[in-house]
Amino acid sequence: MEPSRWRRWPQVFNRWRYNLYAPVYDRLAQAFAARRRRSIALLNPQPEERILLVAAGTGLDLDFMVRCRHLVAIDISDGMLARLRAHAATLGMEVDARVMDAQALEFADASFDAVVLHLALAVVPDPRACIREVERVLKPGGRVAVFDKFLHDDQRPSLLRSAGNLLSRVIATDINRRLADILAACRLRKVHDEDAGLGGFFRIAILRK
Ligand SMILES: C[S@@+](CC[C@H](N)C(=O)[O-])C[C@H]1O[C@@H](n2cnc3c(N)ncnc32)[C@H](O)[C@@H]1O
């Protein structure tokens, strides 16, 4: 295989597996509704703001953003985005939904007021590339809502957990990432951080440019 194909393999795999998961995703992810509501309430998106949902999936966050009129959603999986478009239509919302890699956003610098990063940083192959792209497309003063699973900043994964992660990252999500390591790749400031369940394994954080 050519080197460029090797580099694209993680994106190809994620597209394939999320296209496979798309029909059942909402049933599995409904459990996070209260955390989504909380994270978006902290982000406080305004109707006239331009907002980007990165790795937007089937659009479960849209339920809490119905007043927002300038929404752009990107995801690597066309199957997930097809469901997002259908969900937006049932809510009477217009969303510009595009297939795109979260690690190489096809938007101009400083083109969004706010970004939603829910259950994304633990799934994209290179979360540091993703956060740098989010920083680039945010306007100065722009905000980011993060909701995801992270190790505590000073926590080292146990051997058992490292072994479990070999399987978890293939079928679901990486369980051994630290938000501090990811944020070290950019200059976004963490202005809020709270426990969102399972003893702080789930976290909600608000970042500002
Ligand atoms: C756990 S789901 C989260 C979806 C949604 N944000 C939510 O909160 O329900 C992870 C999403 O990341 C997407 N994804 C994985 N790798 C990606 C990439 N490189 N670029 C964009 N999206 C990606 C998947 O297709 C999937 O929709």
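The structure contained in this document is the topic of the report that follows.

Procedures and definitions
- Residues numbered from 1 in each chain as written.
- Predicted model: local features only at pLDDT ≥ 70, side-chain atom pairs only at ≥ 80, totals over all residues.
- Heavy atoms only, no water.
- Helix = DSSP H or I, 4+ residues; strand = E, 2+ residues; numbered from the N terminus.
- Rg over C-alpha atoms; globule rule 2.2 N^0.38 Å.
- Buried < 20%, exposed > 50% of the residue type's maximum accessible area, 1.4 Å probe, protein only.
- Contact = heavy atoms within 4.5 Å.
- Areas by Shrake-Rupley, 256 points an atom, 1.4 Å probe, with all protein chains shown as cover.
- Lys, Arg positive; Asp, Glu negative; His and termini not counted.
- Charge placed at Lys NZ, Arg CZ, Asp CG, Glu CD.
- Near = heavy atom within 4 Å.
- Polar contact = N/O pair within 3.5 Å; in protein donor to acceptor, adjacent residues only side chain to side chain.
- Nonpolar A, V, L, I, M, F, W, Y, C, P; charged D, E, K, R; others polar.
- Salt bridge = Lys/Arg side-chain N within 4 Å of Asp/Glu carboxyl O.
- Pairing = 2+ DSSP bridges.
- Axes fitted to C-alpha atoms, helices over the stretch in contact; angles between N-to-C directions.
- Phe/Tyr/Trp six-rings, centres within 6.5 Å; stacked < 30°, edge-to-face > 60°.
- Lys NZ or Arg CZ within 6 Å of the ring centre and 35° of its normal.

**Details of the overall build of the protein chain**
Okay, step 1: Scanning the protein chain from N- to C-terminus turns up six helices and seven strands.
Okay, step 2: Going from N to C terminus, the protein chain has its helices and strands arranged as α-α-β-β-α-β-β-α-β-α-α-β-β.
Okay, step 3: Relative to the globule expectation of 17 Å for 209 residues, the C-alpha radius of gyration of the protein chain, 16 Å, shows essentially globular dimensions.
Okay, step 4: Along the three orthogonal principal directions, the C-alpha set of the protein chain runs to about 45 × 40 × 35 Å.
Okay, step 5: Residue burial in the protein chain is summarised as follows: out of 209 residues, 51% are buried.
Okay, step 6: A sequence separation of at least 24 residues applies to 70% of the contacts in the protein chain between residues at least 6 apart.
Okay, step 7: In the structure as shown, the protein chain presents an accessible area of about 10400 Å², 55% of it carried by carbon and sulfur atoms.
Okay, step 8: Averaging the locations of the 33 positively and 25 negatively charged side chains of the protein chain gives two centres separated by 2 Å.

**Observations regarding the site of the ligand**
Okay, step 1: The full set close to the ligand counts 19 residues, and Y25, R36, A55, D75 and H118 are the nearest of them.
Okay, step 2: Between the ligand and the protein, one listed contact pairs a nitrogen atom with a side-chain N or O atom of N14 at 2.9 Å.
Okay, step 3: A distance of 2.7 Å separates a nitrogen atom of the ligand from a polar backbone atom of A55.
Okay, step 4: Relative to its unbound accessible surface of 590 Å², the ligand loses 98% to contact with the protein.
Okay, step 5: Per-element tally for the shell around the ligand: the top contributor is helix 1 (residues 3–29), with three residues.
Okay, step 6: Looking at the shell around the ligand residue by residue, the class counts come to 11 nonpolar, five polar and three charged.

**A closer look at the pattern of salt bridges**
Okay, step 1: By the definition in use, this model includes 15 salt bridges.
Okay, step 2: A salt bridge links D174 to R169; its shortest N-O distance comes to 4.0 Å.
Okay, step 3: Take D174: its relative accessible area is 8%, and that puts it in the buried class.
Okay, step 4: R169 sits in the partly exposed class, given a relative accessible area of 45%.
Okay, step 5: Connected through salt bridges with shared partners, the residues D153, K190, D193 and R203 form a single ionic network.

**Some remarks on the pairing of strand 7 (residues 202–208)**
Each regular strand shows side chains that alternate between the opposite faces of the sheet.
Okay, step 1: Buried residues dominate strand 7, accounting for six of its seven residues.
Okay, step 2: Examined bridge by bridge, strand 5 (residues 138–149) and strand 7 share seven bridges and lie antiparallel to one another. Each bridged residue has a counterpart across the sheet, and for V144 the counterpart in strand 7 is L207.
Okay, step 3: For strand 6 (residues 189–195) and strand 7, the ladder comprises six bridges, and the chain directions are antiparallel. Within strand 7, the position partnered with K190 by the bridge is L207.
Okay, step 4: Where strand 6 folds back onto strand 7 in an antiparallel hairpin, the turn is made up of six residues, including G197, whose phi is positive at roughly 125°.

**Topic: the sheet that holds strand 1 (residues 50–54)**
Okay, step 1: Reading across from one edge, 3-2-1-4-5-7-6 is the order of the seven strands in this open sheet, with mixed pairing throughout. Because the sheet does not close on itself, it has two edges, and the strands there are strand 3 (95–99) and strand 6. Strand-to-strand twist of the sheet, defined as the mean angle between neighbouring strand axes without regard to direction, takes the value 15°.
Okay, step 2: Packed onto the sheet, helix 4 (residues 127–137) meets strand 1, strand 4 (112–118), strand 5 and strand 7 and runs at close to 150° relative to strand 5.

**Points about the packing of aromatic side chains**
Okay, step 1: Applying the stated criterion across every chain, the model contains eight aromatic pairs.
Okay, step 2: In textbook terms, an aromatic cluster arises when at least three aromatic residues are bridged by ring pairs, as seen for F32, F147, F201 and F202.
Okay, step 3: Residue placement shows R35 over the ring face of F202; its charged tip is 5.8 Å from the ring centre.

**Thoughts on unusual backbone geometry**
Okay, step 1: Even without a glycine there, the phi angle at A55 is positive, about 55°.
Okay, step 2: Along the chain, A55 falls in the loop between strand 1 and strand 2 (70–75).
Okay, step 3: Taking the relative accessible area as the measure of exposure, A55 reaches 23% and is therefore partly exposed.
Okay, step 4: The residue L119 is not glycine, and still its phi comes out positive at about 50°.
Okay, step 5: Counting through the fold element by element, L119 comes out in the loop between strand 4 and helix 4.

Bear in mind that shape data such as this cannot, by itself, settle questions of function.
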